[in-house]
Amino acid sequence: MIRPDLNNLTNPDNLQMSQLSTAVPNTDFTETGSQLWLALYRLFQRDLRIALRRRSDAAAVLFFFVISSSLFPLGIGAEPQLLRAIAPGVLWVTALLSCMLSLGRLFAADNADGTLEQLLISPQPLVLIVLVKTIAHWVISGLPLVLIAPLIGLQFNMPAQELAILALSLLLGTPALSLVGSVGAALTLGVRGGGVLVALLVLPLYVPVLVFGAGAVTASASGMGADAGLSLLGATLLISTVFAPYAAAAALRISME
Amino acid sequence: MGNMLEAINLQCTRGERLLFKDVSFALHGGDLLHLNGANGSGKTSLLRTLCGLSRLQGGSILWRGENIQDLREDYCAQVVYIGHQAGVKDDLTTTENLCFSSALAGVPISQDQANAALSMVGLEDYVDRPARALSQGQKRRVALARLWVSRSPLWILDEPFTALDKKASALLKERIESFLAGIGMVILTTHQEIDINARSIQHVRLDA
């Protein structure tokens, strides 16, 4: 740890400057730790605050999910058995596409105004910064899908137990989608036509999540129990939590060169 | 006192073209390094390399005798970099912007401290306005307000005087001078004629 004596850097002959110099100095190790958590907390808070002030962005993702999944009953016709059979797959696919739709905003806005540069050269570990940004992104665009999915499921004549499994599987699955997607978003940062490229990169990686998620709901519908699918989803989430931020951080460094 | 920052035989290529090579300098506390060169001579590339944004393509950069690639985050904590883009979020107020960038840099400040710093750069009437409503020059002032709360010993400033009016330029010049007087180090590029008083001023020309 390098801790040069920084106290003499502030100008003492200015009254307001000496008031400013009461900012917490980074002098000992425990303070460095709490600074890290404070910086990460502020980052999380900032992303949520920006999303709250630009509600249209998050709302667009939610409406895409609601409308695209509502098109299926309209197109296929109101046959309760058929709708019930396709519901898990349809809802999972539309949720997955909605997640992908929102990926573009994960780093692009920060890149456009130069704050991403500041994130990259901040003294906080980039892996944790990426993880916090991804969690905030999930809270903004993934969590609303989880909450509204049971309501959409009613359109498909899904019984209560299946609705619960659907919500639970999305709760485990959508964070994994955000994490895996963060790697694709970081890699395609600043690339022209990045949106299409993200789809090509990320959709194949989404396949396991889709298979386990939709599989869990279908299995519970046929009475086999959703445990296996949900366990696999949980495992996917754990693995992507551990590895995706490292890959995304490395990709960001390459994109920003 | 040993060298705080030392650059040895730095080299940079953009695609096939060699931008510069064999750029060496050493900075001590209180030194100002003025980077000169025509457009496209690699000034920004050099600054980005110095703050660790771009990979080093040749040579080495030492901070207190240690390689900055080994120090990583510890080195980042010692540097303030203000680039072409202001790094100011349109949806946040000026105070929120400054509080966030300081917390990120590891120097958490209170709202009052942020407001005091903003009034130092002449933005006291804009403290609770969203940055969206600010002009280009005012956004730059928000970014530069970090210099009034920072505790880092090295500032790397890419064209800090661009888009600033006379009054703001004078304020910034004063701040840089007082920082240098307190053993700070500044590396900057500028096309404006600005004479900053410093104990020692080094000039590095990239297109020489």
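Check the entry above for the structure.
Structural notes, computed from the coordinates. Since the structure is predicted, the reported quantities are computational estimates derived from the model, not experimental observations. The residue numbers shown here count from 1 along each chain, following its written sequence. The naming scheme follows written order: chains are lettered A onward, ligands numbered 1 onward. Given that the model is predicted, a residue must reach a pLDDT of at least 70 before its local features are reported, and side-chain atom pairs must reach 80 or more before they are shown or counted; all residues, however, enter totals for whole chains, interfaces and linings.

Another point: the sheet that holds strand 4 (residues 60–63) of chain B. All names here are of chain B. Spatially, four strands are ordered 2-1-4-5 in an open sheet, and the strand pairing comes out antiparallel. Either end of the sheet is taken by a strand with one partner, and the two such strands are strand 2 (17–27) and strand 5 (66–67). Strand pairing requires that DSSP identify at least two bridges connecting the strands. Note on conventions: DSSP H or I runs of at least 4 residues are helices, E runs of at least 2 residues are strands, and numbering of each starts at the N terminus. Summarising the sheet, strand 1 (residues 5–14) and strand 4 pair through four bridges and their orientation is antiparallel. The partner of Ala-7 across the bridge, within strand 4, is Ile-61. Its contacts with the sheet put helix 1 (residues 43–50) on strand 1, strand 2 and strand 4, and the angle it makes with strand 1 is roughly 130°. What counts as a contact is two residues whose backbone-derived C-beta atoms lie within 7 Å of each other. The angle between two axes is taken between their N-to-C directions and runs from 0 to 180 degrees, where each axis is a line fitted to C-alpha atoms and a helix contributes only its stretch in contact.

Glancing now at the packing of helix 9 (residues 160–187) of chain A against helix 11 (residues 227–255) of chain A. All names here are of chain A. Contact pair helix 9 / helix 11: the axes reach a minimum separation of 7 Å and the direction vectors enclose 20°. Relative to helix 11, helix 9 is oriented roughly parallel. Read as a crossing pair, helix 9 and helix 11 show a hand that is left-handed. For the contact of helix 9 with helix 11, the per-class residue count stands at 17 nonpolar, nine polar and no charged. Roughly parallel here means an angle under 35 degrees, roughly antiparallel means over 145, roughly perpendicular means 65 to 115, and every remaining angle is called oblique. Crossing handedness is read from the near helix: turned anticlockwise from the far helix by less than a right angle, it gives a left-handed crossing, and turned clockwise, a right-handed one. Following the grouping adopted for this structure description, the nonpolar residues are Ala, Val, Leu, Ile, Met, Phe, Trp, Tyr, Cys and Pro, the charged ones are Asp, Glu, Lys and Arg, and the polar ones are all others, Gly among them.

Turning next to the interface of chain A and chain B. Listed by partner, the interface residues are 39 residues for chain A and 43 residues for chain B. Top contributing element to the side of chain A that touches chain B by residue count: helix 2 (residues 29–53) of chain A, with nine residues. In terms of residue class, the side of chain A that touches chain B is made up of 19 nonpolar, twelve polar and eight charged.

Looking now at the nonpolar core. Leu-252 of chain A together with Ile-156 and Val-186 of chain B are the most contacted members of the largest nonpolar core, which has 136 residues in total. The greatest single-element share of this core, amounting to 13 residues, is contributed by helix 9 of chain A. Each residue touching Ile-156 of chain B, except ones within four places of it in the same chain, is listed here: Leu-47, Leu-50, Cys-51, Val-79, Tyr-81 and Ile-187 of chain B. In these notes, a nonpolar core means any group of buried Ala, Val, Leu, Ile, Met, Phe, Trp, Tyr and Cys residues linked to one another through C-beta atoms within 7 Å. To assign burial, the other C-beta atoms lying within 10 Å of each residue's own C-beta are counted, with C-beta atoms placed from the backbone; 20 or more indicates buried, 12 or fewer indicates exposed, and intermediate counts indicate partly exposed.

All names here are of chain B. Strands sit in the order 6-7-8-3-9 across an open sheet of five strands; the sheet is parallel. Edge positions in the sheet fall to strand 6 (79–82) and strand 9 (200–205), since each has one partner strand and no second. For this sheet, the mean inter-axis angle between neighbouring strands, taken without regard to orientation, is 15°. Looking at chain direction, strand 6 and strand 7 (residues 154–158) are connected through four bridges and run parallel. Paired with Ile-82 across the bridge in strand 7 is Leu-157.

That is the geometry; function is a separate question.
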